[in-house]
Amino acid sequence: MAKRDILIIPDKRLRMKSEPVKPTDPAVRALVEDMFETMYDAPGIGLAAIQIGVPQRVVTMDLAKKDEPKEPQVFINPEITWASDERAIYEEGCLSIPEYYEEVERPKMVKVKYLDLEGKEHEVEADGLLATCLQHEIDHINGILFIDHISKLKREMVMKKFKKAAKRGDTTRAAYQDDTPEHHLG
Ligand code: K1U
Ligand code: ZN
């Protein structure tokens, strides 16, 4: 197992469309282990493989609350098969856009078809945080970021700040977690 670096915008790899994988491939199992280590360390509640630079349709998630036992979930080649007309607003964050949170409107409920690591097919009907997180992660494997769902003005503001930070060399999440004033966006 190894913790991997999480890509930060404006890294172009975050705009790649990821490819389906064979779930029983041992390399996929190793990738999933690295993804959990990276996600728990961040910490985050979800991670798509492309966020660590691997353009494969693999998602990890754990929505357990802080004091609850871990509930690791793996979604291989996930696909939205149905989305409700009813919509819901949630405040979202993204490990590839550190320290930025914004309200996003999406379908309130979705059905998602996916494979587990044994290659068995499942379909889940999701609502609440699971629905939001699944849509956020499936967006990632299609090269879409949550800032694509907010206003153009806000998106351009965020992109401008992160492009400026990248020019300074702040291309890792650590740069944004550092409390020194020179590392603050602005
Ligand atoms: O895909 C990602 O970038 C991970 C992202 C998932 C997500 C969060 C909120 C709404 C939709 C999708 C995160 O995990 S951001 C960090 C976060 O939300 C969190 C971190 C620690 C504790 C609780 C939440
Ligand atoms: Zn994200």
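The following refers to the structure shown. Because the structure is predicted, anything quoted here is derived from the model rather than measured. (Residues numbered from 1 in each chain as written. Chains lettered and ligands numbered in written order. Predicted model: local features only at pLDDT ≥ 70, side-chain atom pairs only at ≥ 80, totals over all residues. Heavy atoms only, no water.)

1. Some points on the pattern of salt bridges
A pair can form between side chains of opposite charge whenever their charged atoms are brought close. Considering all chains together, one arrives at twelve salt bridges under this definition. When the shortest N-O distance is used, the salt bridge between R13 and D11 registers 2.7 Å. Overall, R13 belongs to the partly exposed group, its relative accessible area being 40%. A salt bridge links R15 to D148; the shortest N-O distance between them is 2.6 Å. Of the two residues, R15 sits in the segment before α1 (26-41) while D148 sits in the loop between α2 (128-141) and α3 (152-168), which places them 133 residues apart along the sequence. Look at the salt bridges and you will find they share partners, linking E92, R106 and D139 into a network. (Salt bridge = Lys/Arg side-chain N within 4 Å of Asp/Glu carboxyl O. Buried < 20%, exposed > 50% of the residue type's maximum accessible area, 1.4 Å probe, protein only. Helix = DSSP H or I, 4+ residues; strand = E, 2+ residues; numbered from the N terminus.)

2. A few points about the side chain of R57
Tracing the sequence through the fold places R57 in the loop between β1 (46-48) and β2 (58-61). Despite being buried, R57 has no salt bridge partner; E79 is the closest side chain of opposite charge, sitting 7.0 Å away. A polar contact of 3.3 Å, which involves the side chain of R57, links it to the backbone oxygen of I141. When near neighbours in sequence (up to four residues on either side) are disregarded, R57 contacts K17, S18, E19, P20, V21, F75, I76, N77, P78, I141 and N142. (Lys, Arg positive; Asp, Glu negative; His and termini not counted. Polar contact = N/O pair within 3.5 Å; in protein donor to acceptor, adjacent residues only side chain to side chain. Contact = heavy atoms within 4.5 Å.)

3. With respect to the sheet that holds strand β7 (residues 121-126)
Read from one edge of the open sheet, five strands run β1-β2-β3-β6-β7, paired in antiparallel fashion. The sheet is open, and its two borders are formed by β1 and β7, each paired with just one other strand. Between one strand axis and the next, the sheet turns by 40° as a mean value, whatever way the strands run. Against the sheet, α2 contacts β1, β2, β3 (73-83), β6 (110-115) and β7, and its axis sits at roughly 100° relative to β3. (Pairing = 2+ DSSP bridges. Axes fitted to C-alpha atoms, helices over the stretch in contact; angles between N-to-C directions.)

4. A look at the coordination of the zinc ion (ligand 2)
Here the zinc ion (ligand 2) is held by C94 (SG), H136 (NE2) and H140 (NE2), and the distances to it run 2.1 to 2.3 Å. Within one chain, the residues donating to the zinc ion (ligand 2) are spaced in sequence as C-x41-H-x3-H. Taken as a pair, H136 and H140 lie in helix α2 at a separation of four residues, close to a single helical turn. According to the relative accessible area criterion, H140 is buried, its value standing at 0%. (Donors = N, O, S within 2.8 Å, 3.2 Å for Na, K, Ca; no water.)

5. Some details on α1
Here α1 spans 23 Å end to end across 16 residues, near enough to the 22 Å set by a 1.5 Å rise per residue. Turning to α1, its buried residues are V28, L31, V32, D34, M35, F36, T38 and M39. Two or three places before A27, at the start of α1, stands the capping residue D25, its side-chain oxygen 2.9 Å from that residue's backbone nitrogen. (Expected span 1.5 Å × (residues − 1).)

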